[in-house]
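# Structural characterization, general
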Amino acid sequence: MNTGSIASLDIDPFDEAFLADPYAHHAALRDAGPVVWLEPLGVYAMARFDEVQSALRNHETFCSSRGVGLADFSKEEPFRPPSLLLEADPPLHDRTRSIMNRIVSLKALKQLRPAWQAKADALIAKLVSKGQFDAVPELSEAFPMMIFPDMIGLADEGREHLIDYATIVFNAFGPRNRVFEEGNAGKEAAIDWVAWACERQNLKRGGWGMALYEAADRGECTPEEAGKMVRSFLSAGVDTTVNGIGHMVLALASHPEEFQKLRENHKLASRAFEESLRWDSTVQTFFRTTAKDTEVAGSNIPEGSKVLLFLASANRDPRKWDDADQFRIDRNVSGHVGFGFGIHQCLGQMVARLEGELIGEALAKQVSSIRLTGEPKRRLNNTLHALGSLPVEMEVV
Ligand code: OVV
């Protein structure tokens, strides 16, 4: 229940008008106060940079083990057995994280880079020779699917289920609304496939999946826990990078002057990707749950409250960013919360950055202009800002 001075808003951030264009609604949330109460959902929310960042930093008060979606796991059955990483607090979280961090290492990525670069260059060469194409299936989905399943060591059969699985998982952080029901319809087979693909006997030797079972062999965790960590890779690693790349292509296509900056200086590729994550954050929101009574900017939030954190709004808060709504690849974007902040900050961020940088660089080298040939279409999701189609034309250098 909301008591005291907190502004109460009649806004449902999971309704279709909001999800279709979240940026049109963020200012109202930010301007209503540092903490607001969302009446239709019965949750608190924060949409300003400072409060979002400090809630993410304060993981003892704003905990994850009661779920990072609308459902409070202390009262409701979780949609799936909780993640040992995303939906865990210390000390469990920290043990999981350190096992996974040893696998997702700088050294591992250094070894992957040359092969991934060759694949990014070849994919862009093929697309440029086509001229016109839909950048969602043919680029932003195609590239991660060319590299990520092999890196994990997934079975060849059924990999197409990965994107459907992510749709289901990210929808499940929101309410059981029409986006959840209709977005997930017909995709149920993905859940069984992912459970199957995470089993030891279905993973290839030498991949990051098997590396988790090898950690179990060394006694660092149980084999069951290893399987759940493979599930974390599969949940978090595909649709996030797919839409991160998609948003970068959309941002560059709709800002030709920024693309020219990138063409003039290919080293801006990693910054272009980072700025596109700030400007159009793929993961729009996550919840936390208060583990004790707390106070934010003078307002009391009681224990057991769900608090919705608007990462994407924080990344466009004019209190934090100059010209917050403008996409500028040469701005200082450090400190954005598109990968989160604090102990749960994205485990795979180096993988995502490498993918984005390689695509940005390949575009800068091979393409002279990117033009939208039709309206981009959104694929509504309760958590992700996602593209359904992005018709573009690219001209060869
Ligand atoms: C959707 C998502 C994001 C990050 C982590 C996980 C899932 C997980 O399953 O650990």
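Residues numbered from 1 in each chain as written. Predicted model: local features only at pLDDT ≥ 70, side-chain atom pairs only at ≥ 80, totals over all residues. Heavy atoms only, no water.

### Some remarks on the site of the ligand
- Residues in contact with the ligand, as listed here, are Arg80, Ser83, Leu86, Val169, Phe170, Phe173, Ser232, Ser235 and Ala236.
- Note that an oxygen atom of the ligand is positioned 2.6 Å from one of the side-chain N or O atoms of serine 83.
- Serine 232 is positioned such that a nitrogen or oxygen atom in its side chain is 2.6 Å from an oxygen atom of the ligand.
- Here the ligand has 290 Å² of accessible area as a free molecule, and 91% of this is covered by the chains.
- Put simply, the ligand lies in the largest cavity.
- Considering only residue class, the shell around the ligand consists of 5 nonpolar, 3 polar and 1 charged. (Near = heavy atom within 4 Å. Polar contact = N/O pair within 3.5 Å; in protein donor to acceptor, adjacent residues only side chain to side chain. Areas by Shrake-Rupley, 256 points an atom, 1.4 Å probe, with all protein chains shown as cover. 1 Å grid on protein atoms, 1.4 Å probe; cavity = no way out; pocket = protein on both sides within 12 Å on 5 of 7 lines; lining within 4 Å. Sits in = over half its atoms within 2 Å of the grid points. Nonpolar A, V, L, I, M, F, W, Y, C, P; charged D, E, K, R; others polar.)

### Points about empty space enclosed by the protein
- A complete count under the given rule lists 2 cavities of 30 Å³ or more for this structure.
- In this model, the largest cavity occupies a volume close to 790 Å³.
- Lining of the largest cavity is provided by 41 residues; of these, Ala236, Thr240, Cys346, Leu347 and Gly348 occupy positions nearest its centre.
- Listing elements by their share of the lining of the largest cavity, those giving two or more residues are helix H4 (92-103), helix H7 (142-152), helix H8 (161-171), helix H12 (223-236), helix H13 (239-254), helix H15 (269-279), strand E6 (285-290) and helix H17 (349-366).
- Counting residues per element, the lining of the largest cavity draws most heavily on H12, at 4 residues.
- Here the lining of the largest cavity is composed, by residue class, of 24 nonpolar, 13 polar and 4 charged.
- Looking at the second largest cavity, its volume works out to about 80 Å³.
- Forming the walls of the second largest cavity are 13 residues, and the residues nearest its centre are Pro13, Phe18, Leu19, Gln284 and Asn382.
- Residues belonging to the lining of the second largest cavity are distributed by class as follows: 7 nonpolar, 6 polar and no charged. (Points joined across faces, edges and corners; volume = space filled by probe spheres on them. Helix = DSSP H or I, 4+ residues; strand = E, 2+ residues; numbered from the N terminus.)

### Quick word on the pattern of salt bridges
- Per the stated rule, a full pass over the model turns up 27 salt bridges.
- As a salt-bridge pair, aspartate 325 and arginine 316 come within 3.1 Å of each other at their nearest N and O atoms.
- The network of salt bridges with shared partners includes Arg66, Asp72, Lys75 and Glu303. (Salt bridge = Lys/Arg side-chain N within 4 Å of Asp/Glu carboxyl O.)

### Concerning the nonpolar core
- Judged by nonpolar contacts, the single largest core of 110 residues is most densely connected at Met46, Leu139, Ile152, Trp208, Phe233, Leu363 and Met394.
- Of all hydrophobic cores here, the second largest spans 14 residues; its members include Phe14, Leu29, Val36 and Leu41. (Core = buried A, V, L, I, M, F, W, Y, C linked by side-chain atoms within 4.5 Å. Buried < 20%, exposed > 50% of the residue type's maximum accessible area, 1.4 Å probe, protein only.)

### Topic: the packing of aromatic side chains
- Applying the stated criterion to the full structure yields 9 aromatic pairs.
- For the pair phenylalanine 170 and phenylalanine 173, a centre-to-centre distance of 5.9 Å together with 70° between the ring planes defines the contact as edge-to-face. For the residue pair phenylalanine 170 and phenylalanine 173, the accessibility class agrees, reading buried in each case.
- Pairing tryptophan 279 with phenylalanine 327 gives two aromatic rings, centres 5.5 Å apart and planes at 50°, and the pair type is tilted. Taken together, the residues span a long stretch of sequence, with tryptophan 279 in helix H15 and phenylalanine 327 in the loop between helix H16 (311-314) and H17 at a distance of 48 residues. Here the two residues tryptophan 279 and phenylalanine 327 agree in accessibility, since each one is buried.
- One residue, arginine 278, lies across the ring of tryptophan 321, its end atom 5.5 Å from the ring centre.
- Between arginine 316 and the ring centre of tyrosine 23, over which it is positioned, the NZ or CZ distance is 3.8 Å. (Phe/Tyr/Trp six-rings, centres within 6.5 Å; stacked < 30°, edge-to-face > 60°. Lys NZ or Arg CZ within 6 Å of the ring centre and 35° of its normal.)

### Things to note about the sheet that holds strand E13 (residues 391-396)
- Taken together, the 3 strands give an open sheet; going across it, the order is E5-E13-E10, and neighbouring strands pair in antiparallel fashion. Both outer strands of the open sheet, strand E5 (132-134) and strand E10 (367-372), are each paired with one neighbouring strand and no more. Neighbouring strand axes in the sheet, compared pairwise and without regard to direction, differ in orientation by 30° on average.
- Of the strands in this sheet, E10 and E13 touch H17, which is tilted by about 110° from E10. (Pairing = 2+ DSSP bridges. Axes fitted to C-alpha atoms, helices over the stretch in contact; angles between N-to-C directions. Contact = heavy atoms within 4.5 Å.)

### A short note on the confidence of the model for the protein chain
- The predicted model of the protein chain has a mean per-residue pLDDT of 97, with 99% of residues at 70 or higher.
- In the model of the protein chain, strand E8 (residues 299-301) stands out as the element of lowest mean pLDDT, 96, in contrast to strand E9 (residues 306-310), which has the highest, 99. (pLDDT = per-residue confidence, 0-100.)

### Here's the deal with the sheet that holds E9
- The sheet built from 6 strands is open, its strands ordered E1-E2-E3-E9-E6-E4 with mixed pairing. Strands at the two margins of the open sheet, each flanked by one partner only, are strand E1 (7-9) and strand E4 (62-63).
- Looking at chain direction, strand E3 (residues 43-46) and E9 are connected through 3 bridges and run parallel. Each residue of the ladder has a partner; that of methionine 46, found in E9, is leucine 309.
- The sheet contacts of helix H3 (residues 49-57) involve E3, E4, E6 and E9, and relative to E9 the element is tilted by about 125°.

### What to know about the environment of lysine 267
- Looking at where lysine 267 falls in the secondary structure, it is placed in the loop between helix H14 (256-264) and H15.
- Lysine 267 gets classed as exposed once you look at its relative accessible area, which sits at 74%.
- In this structure the C-alpha to C-alpha distance between lysine 267 and alanine 314, which are 47 residues apart in sequence, comes to 27 Å.

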